[in-house]
Amino acid sequence: MSEQSRFALPYLAEIFGALSRGRHLCLDDGNLFVELREHEREFEELFQHLGYQMIADSRGFYYFHALDSQSTSPRTAKLALFFLVLVEALWEESSDINDLESLLLDRSWSLGELPHLKRERYLELMRQLDQEPDTETLRDLIRQLVYFGFAAWDGEERFRFRLPALRFLDIAREVAEGLERTQNPEDVAMTADAEASA
Amino acid sequence: MSISNPQRFLRFAANHYELLLRLLDARELSEGELLQLARQHLADAEADPGKLVDQLLALGFLDRVPESDRFEIPLPIERFLRYLQREHHLTSPQQIGSYAAQLAELEQELQAAAERLAEGEIRIILPELADRIERLRHDVNGNKEAITEEVIRFRANRSQRPLRERYAKVVWLWECYLTPLQRLLDTEQVMERQLNSLERTLAVVEARLAAEIPLLAAETRSVLMRLYRMRRQIVADFRESMLELQPLYQRALHESRTARGASLLLERIRRQGLARLALDQVLRVPVSRHEGLFSDLAVKAHLFDLASMRPNEEVLLEQAEDQPVEAATRIDLARLLDELLASRPADVLAWLAERIRAQGGGIRDLLLAYGRAVRRLPTVAGAERRDYVFGDHVLTARVRAVGEAPEEELLDE
């Protein structure tokens, strides 16, 4: 490829490799994010030619949104469950002065601080992951969150969420907004189902 | 309850202010708790706490809870202390609305009394009007103060209440106090019309009394001034309350919406299973793997770049037609001819037709390959002529095997 080419983009191979594996890139990813932001339009156009839709989220991260013809990772449903449990627990129990986003993003977590194994209601939900949940289950989920760029390890036993984790909050919010529109929880749930399986 | 000696009441309050604040915090106390609290606040350790409790009761700082052996601070004292502490209670919009209704009634009475120049009645009505106007002003201001305190409490969260509870309080304040008050203050609404009417009436009454009873005219003027001030202040207080609470309210809606959505989804997962919700389809995170394909990616990127390139040199179509153009083909001809040579088939055209058909090639590919084979490879034509069917075409040629290069004939029907 000529040096003058519009598509002679820096870190192209690394960026494409990461995004196409489902990774979300944000400022924590250093040069990859910086170059993406710098040449956002060119990357977007090139990926579009290659059959990928890149989303530039205004909150400061990038990811590929799989098209109908592309496979999606079933693991992310489990990650969503993990995250939703955490959101509900924070809402119910946290007496911190910050809002949910700050509560999630502005700190690091140890596995022992997570609420998922502490209440029967959450344990029951976590059993949906097809195994009896334990600390190793949580560790595995964190590994997957890290793989997709939703979290990052912060030492051996601690991790923190990265900006792209806000996508899980978006899902919850969209469902609630649907609820407000219809004022009928069953309708919303059905809509969510229909959208999800579409 | 009346205070028989206000000076003594105020002196006691000044000397035992800390104790009164503790009582205010406690709300209700048993006799034992009261004695213990009194003991902690005695200046002299030898003094009798029972005597202090008796003084609290006698001066009206404490009252007995009905049908109980417990004690509480009476409402007027509580309000007085909270006022001193700048802690304000909320007045319901219904209560505020009722002041407006009372003002309307008093306005009618004043109109009637002024027409008759009933001095005695006017002397009673004007203070009542002033009282309702001041109550309205103080209560709306109290609401503003109470809301401001709530916002401060929210931010500090000294009581360590969870997010859910704190935001619920914000939403409650907004929906139960500010929204109804907004409706009351709306210029299109009843209260506004009532206050406009009262203003006009007071001005008319003042003018009528000016000649007849000047002293009452001045008092009417004073009530009118109170009305002006009240209207100005309640709008300002309301606006300030809105400004204080609105960011928190917006945040509360945003946050509670997220939490509600999360709970709803979890409930659905619990009832129907994680798979049914297909959350992965909502996130649509791809799983493609492209390790080691960078060279392909680079080539593709270059092609897209070339596709959008604007050449500097102008190429005319008639000139381009003169250039020999080799037809594009999907078949790798060089490789095919190598394989042909290696296979040494007895019938070259039949062999090529079969291979090109298998590779999805067309008649153009077949003719091109056959032409090259004849020209470039050592082939021998036999005497037999044969028809070769290829798609919609029938080719007629002498059977040719790989060998020495002879003449060939090729006909296309």
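About the cut-offs
- Residues numbered from 1 in each chain as written.
- Chains lettered and ligands numbered in written order.
- Predicted model: local features only at pLDDT ≥ 70, side-chain atom pairs only at ≥ 80, totals over all residues.
- Helix = DSSP H or I, 4+ residues; strand = E, 2+ residues; numbered from the N terminus.
- Buried ≥ 20, exposed ≤ 12 C-beta atoms within 10 Å, placed from the backbone.
- Contact = placed C-beta atoms within 7 Å.
- Expected span 1.5 Å × (residues − 1).
- Bend = angle between axes of the 7 residues up to and from the residue.
- Pairing = 2+ DSSP bridges.
- Axes fitted to C-alpha atoms, helices over the stretch in contact; angles between N-to-C directions.
- Core = buried A, V, L, I, M, F, W, Y, C linked by C-beta atoms within 7 Å.
- pLDDT = per-residue confidence, 0-100.
- Parallel < 35°, antiparallel > 145°, perpendicular 65-115°, else oblique.

Looking now at the overall build of chain A. Across its full length, chain A holds nine helices and six strands. Here chain A, with 198 residues, has 37% of them falling under the buried criterion. In chain A, of all internal contacts separated by at least 6 residues, the share reaching a separation of at least 24 is 53%.

Turning our eyes to something else, we now look at the overall build of chain B. Looking only at helices and strands, chain B has 17 helices and six strands in total. Each of the 413 residues in chain B was classed as buried or not, and the buried ones make up 26%. A sequence separation of at least 24 residues applies to 62% of the contacts in chain B between residues at least 6 apart.

Further remarks concern helix H8 (residues 163–185) of chain B. Each α-helix turn comprises 3.6 residues. Residues three or four places apart therefore point the same way. Relative to the 33 Å expected for 23 residues at 1.5 Å per residue, H8(B) spans 32 Å between its end C-alpha atoms, a close match to the ideal helical length. Helix geometry: H8(B) is bent most strongly at Trp174(B), by close to 30°. Of the residues making up H8(B), those classed as buried are Leu163(B), Arg166(B), Tyr167(B), Val170(B), Leu173(B), Trp174(B), Tyr177(B), Leu178(B) and Leu181(B). For H8(B), the elements touching its buried residues are helix H4 (75–93) of chain A together with helix H6 (93–115), helix H7 (119–156) and helix H10 (214–272) of chain B.

On to the environment of Phe154(B). All names here are of chain B. Note on placement: Phe 154 falls in helix H7. Along the sequence, Phe 154 and Leu 248 sit 94 residues apart, while their C-alpha atoms lie 8.9 Å from each other. Each residue touching Phe 154, except ones within four places of it in the same chain, is listed here: Arg 166, Val 170 and Leu 248.

Here we take up the pairing of strand E2 (residues 53–57) of chain A. All names here are of chain A. Sheet topology note: the E2/strand E3 (residues 61–65) ladder contains five bridges and is antiparallel. Bridging from a neighbouring strand, Ala 56 pairs with Tyr 62 of E3. As consecutive antiparallel partners, E2 and E3 are separated by three residues, and within that stretch Gly 60 has a phi angle of approximately 105°, a positive value.

Across a sheet, paired strands are connected by hydrogen bonds in the backbone, their directions being either parallel or antiparallel. Residues and elements named next belong to chain A. Pairing is antiparallel across the open sheet formed by three strands, whose spatial order is E4-E6-E5. In this open sheet, the two edge strands, each paired with only one partner strand, are strand E4 (108–110) and strand E5 (151–153). The average undirected angle you get between the axes of adjacent strands in this sheet is 35°. Across three bridges, E4 lies against strand E6 (residues 158–161) in antiparallel orientation. Within E6, the residue paired with Trp 109 across the bridge is Phe 159. Where helix H7 (residues 135–147) meets the sheet, it contacts E5 and E6, and its direction lies at approximately 110° from that of E5.

What follows deals with the nonpolar core. If you look at the biggest cluster of nonpolar residues, it comprises 101 residues, and the most contacted ones within it are Ala80(A), Leu84(A) and Val87(A). Of all the elements, H10(B) adds the most residues to this core, at 15 residues. The contacts of Leu84(A), once residues within four sequence positions are left out, are Phe168(A), Ala172(A), Ala262(B), Leu265(B) and Leu266(B). Ranked by size, the runner-up nonpolar core spans 14 residues in total, among them Ala38(B), Leu52(B), Leu56(B) and Ile73(B).

This part is about the confidence of the model for chain B. Close inspection of predicted coordinates is inappropriate in any region flagged by low pLDDT. Residue and element names in this part refer to chain B. Looking at chain B, the pLDDT average stands at 82 and 85% of residues meet or exceed 70. Note on residues 320–328: pLDDT under 50 across the span, and three contacts to partners over four residues away in sequence or across chains. Ignoring residues within four places in sequence, the model shows residues 405–413, a span with pLDDT below 50, making 20 contacts including any to other chains. We note a pTM of 0.56 for the whole complex and an ipTM of 0.83 for its interfaces.

This part takes up the pairing of E6(A). All names here are of chain A. Residues Phe 159 and Phe 161 of E6 are buried on one face, while the alternating residues Arg 158 and Arg 160, pointing to the opposite face, are not. Here E5 runs beside E6; their pairing, made up of three bridges, is antiparallel. Bridge pairing in E6 places Trp 153 opposite Phe 159. Two successive antiparallel strands, E5 and E6, enclose a turn made up of four residues, where Gly 155 displays a positive phi of approximately 95°.

So, about the environment of Thr179(B). Along the chain, the position of Thr179(B) falls in helix H8. Separated by 63 residues in the primary sequence, Thr179(B) and Met242(B) place their C-alpha atoms 9.3 Å from one another.

Time to look at the packing of helix H3 (residues 31–40) of chain B against helix H4 (residues 49–58) of chain B. Residues and elements named next belong to chain B. Relative to each other, H3 and H4 sit at 105°, their axes nearing to 8 Å. Here H3 is positioned roughly perpendicular relative to H4, judged by the angle of their axes. Contacts between H3 and H4 pair Leu 34, Leu 35, Ala 38 and Arg 39 from the former with Pro 49, Gly 50, Leu 52 and Val 53 from the latter.

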